[in-house]
Amino acid sequence: MTLSPRRPRRRRPAPLIGSLALATGVGLAVAPAHAATPTADTPTAATATIVVAKDGSGTYTTVQAAVDAVPANNPSAVTISIKPGTYRETVKVPANKPHIRLVGTTSSKNDVTIVYDNASGTPKPGGGTYGTSGSATVAVEADDFQARNLQFVNDFNEGNTSITDKQAVALRTAGDRIVLDNIGAVGDQDTLLLDSASKDKVGRVYVNNAWIQGNVDFIFGRASAVINKSAIRLVKRYDGSSGGYVAAPSTAAGKKGFLFINSNITGDVGSRSFYLGRPWHAGGDASLDPQAIVRNTDLSAAIKTTPWTDMSGFSWKDDRFAEYKNTGAGSGAASTDRPQLTDAQATDYEIADWLGGWQPSS
């Protein structure tokens, strides 16, 4: 793949996100696009804060019950404050419940865990199986969602020989203007699904200071997603073998895909055993144009010297994969098998370009 030079453009001011709110762990609020004028049909806002606690000291004992309590089309932010504990449940935030924030009450992402163990091939009670997207422990279909100070886990056992489709999602997002700050996403195959509502819609996601763990295509989907200042951890397969793929973008043509920036990728796996990514043409859709850019990131020796590979008959060289100024034992010089952005090109591959005018604010 050759990255054609782009016309130079006037640089925009750097966004606040990297150096202010998200980088420092300050509480977040997405700046609204406009102020709504109240009408007779304007929904009543939910209680500003709902407390979830396993021991009964809060308003609800499950996260889903708190989500259910938020009225449809809620017009303003509501925080679901979750006390420390392990919450074994599945959670769905439907598309008609925007502005929800799931926030752990401590500063540690490990103190609050939402966990379940469905896989793609897990039988559903009413028949059939869940499928990959349906396996998610937490599924977010609403816009303007935030999560902070907690972890999402899918602890499906890959060694379960009764289930052949082992994709098991910890967190799925399908909305726009999603903030994931100081969170964990832990699983094996297909851990973090960052998607959009449909191929023609944008799903912007800002991930900051996260711990993302898996082995096969464990960050995937068609969202326009920034993964900033995050620890991306490679883990072995259930049989002890090393080998896998970090990213599997399924980006629509003309849209941004995945931007990994200021992060590190490592794990207790074999040397040169993992690819950075491969192009996922979901459903065999040749019109897609998957994109993954890895820049200013430390790569361990686990990364292959040829870090991109083909998928399901689609060549990565026909899509958009490149690096820029990565470091570490897994980094390498520019070649036909390892495209690198030029300094001039890199000015168009920054956080502000990905967020497209939306800026999370403190």
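Our subject is the structure that appears above.
Each value, and the rule that gives it
Counting starts from 1 at the beginning of each chain's written sequence and moves along it residue by residue. Per-residue local features are limited, in this predicted model, to residues with pLDDT of at least 70; the limit for side-chain atom pairs, both in listing and counting, is 80 or more; totals at the level of whole chains, interfaces and linings are taken over all residues. Working from all heavy atoms in the structure, the side-chain values ignore hydrogens and water. Here a strand is any run of E in DSSP of at least two residues, a helix any run of H or I of at least four, and the numbering for each starts at the N terminus. Each residue's exposure class comes from its accessible area (1.4 Å probe, protein chains only) as a fraction of the maximum for that residue type: buried when under 20%, exposed when over 50%, partly exposed otherwise. The contact criterion used is simple: two residues touch if any of their non-hydrogen atoms lie within 4.5 Å. The Shrake-Rupley method, run with a 1.4 Å probe, gives the accessible areas here. Residue values count only the displayed protein chains as cover. In these notes, a set of buried Ala, Val, Leu, Ile, Met, Phe, Trp, Tyr and Cys residues joined through side-chain atoms within 4.5 Å is what counts as a nonpolar core. Paired strands, as defined in this entry, are two strands with at least two bridges between them according to DSSP. Axis lines are fitted through C-alpha atoms, for helices just across the contact stretch, and the angle between N-to-C directions can take any value from 0 to 180 degrees. Two rings from Phe, Tyr or Trp (for Trp, the six-membered ring) form a pair when their centres are within 6.5 Å of each other. A pair whose planes differ by under 30 degrees is stacked, one over 60 is edge-to-face, and the rest are tilted. To sit over a ring, a charge needs its Lys NZ or Arg CZ within 6 Å of the ring centre and within 35 degrees of the ring normal. For this analysis, a salt bridge means a side-chain nitrogen from Lys or Arg found within 4 Å of a carboxyl oxygen belonging to Asp or Glu.

## Things to note about the overall build of the protein
Okay, so step 1: What the protein contains, in helices and strands, is five helices and 25 strands.
Okay, so step 2: Expressed as a percentage of the 362 residues in the protein, the buried residues total 51%.
Okay, so step 3: Nonlocal contacts in the protein, meaning residues at least 24 apart in sequence, comprise 75% of its contacts between residues at least 6 apart.
Okay, so step 4: For the protein, the exposed surface amounts to about 14900 Å²; the carbon and sulfur share of it is 49%.

## Comments concerning the nonpolar core
For soluble globular proteins, the rule of thumb is that nonpolar side chains tend to be buried together.
Okay, so step 1: Ile82, Leu102, Phe152, Leu180 and Leu194 are the most contacted members of the largest nonpolar core, which has 58 residues in total.
Okay, so step 2: The leading source of residues in this core is strand 11 (residues 178-186), at four residues.
Okay, so step 3: Every residue in contact with Phe152, bar those within four places of it in the chain, is listed here: Leu102, Ile114, Val138, Ala147, Ala170, Leu171, Ile183, Gly184, Ala185 and Val186.
Okay, so step 4: Counting residues in hydrophobic clusters, the runner-up holds 15 residues, among them Val179, Leu341, Trp354 and Trp358.

## With respect to the sheet that holds strand 10 (residues 171-173)
Okay, so step 1: Read across the open sheet, the seven strands follow the order 5-8-10-12-15-18-21; overall the sheet is parallel. Each edge of the open sheet carries a strand with a single partner, namely strand 5 (91-93) and strand 21 (274-277). Between one strand axis and the next, the sheet turns by 10 degrees as a mean value, whatever way the strands run.
Okay, so step 2: Note: strand 10 against strand 12 (residues 192-194), three bridges, orientation parallel. Paired with Arg172 across the bridge in strand 12 is Leu193.

## Details of the packing of aromatic side chains
Okay, so step 1: The tally for this structure, following the rule as stated, stands at five aromatic pairs.
Okay, so step 2: With a centroid separation of 5.5 Å and 5 degrees between ring planes, the pair formed by Tyr245 and Tyr275 is classed as stacked. Highlighted residues: Tyr245 in strand 18 (residues 244-249) and Tyr275 in strand 21, separated in sequence by 30 residues.
Okay, so step 3: On the accessibility criterion, Tyr275 (19% relative accessible area) is buried.
Okay, so step 4: Look at Tyr349 and Trp354: their rings are 6.0 Å apart centre to centre, the planes differ by 45 degrees, and that puts the pair in the tilted class.
Okay, so step 5: We classify Trp354 as buried; its relative accessible area is 2%.
Okay, so step 6: Between Lys256 and the ring centre of Trp354, over which it is positioned, the NZ or CZ distance is 4.8 Å.
Okay, so step 7: The ring of Tyr245 carries the charged tip of Arg278 above its face, separated from the ring centre by 3.7 Å.

## Looking at the pattern of salt bridges
Okay, so step 1: Enumeration according to the criterion identifies 14 salt bridges in this entry.
Okay, so step 2: Asp176 is paired through a salt bridge with Arg204; the nearest N and O atoms lie 2.8 Å apart. With a gap of 28 residues between them, Asp176 in the loop between strand 10 and strand 11 and Arg204 in strand 13 (residues 204-208) connect regions that are remote in the sequence.
Okay, so step 3: Between Glu323 and Arg338 there is a salt bridge, and its shortest N-O distance comes to 2.6 Å. Remark: Arg338 occurs in the loop between strand 24 (320-324) and helix 4 (343-346) and Glu323 occurs in strand 24; sequence separation between them is 15 residues. For the residue pair Glu323 and Arg338, the accessibility class agrees, reading buried in each case.
Okay, so step 4: One continuous salt-bridge network, built from bridges that share partners, spans Asp144, Asp176, Arg177 and Arg204.

## Topic: unusual backbone geometry
Okay, so step 1: Residues other than glycine seldom take positive phi values, yet Asn149 does so here, at roughly 65 degrees.
Okay, so step 2: A relative accessible area of 12% means that Asn149 is categorised as buried.
Okay, so step 3: With a phi close to 50 degrees, Asn296 is a non-glycine residue in the positive phi region.
Okay, so step 4: Inspection of the secondary structure assignment puts Asn296 in the loop between strand 22 (291-295) and strand 23 (298-299).
Okay, so step 5: Taking relative accessible area as the criterion, Asn296 reaches 28% and is therefore assigned partly exposed.

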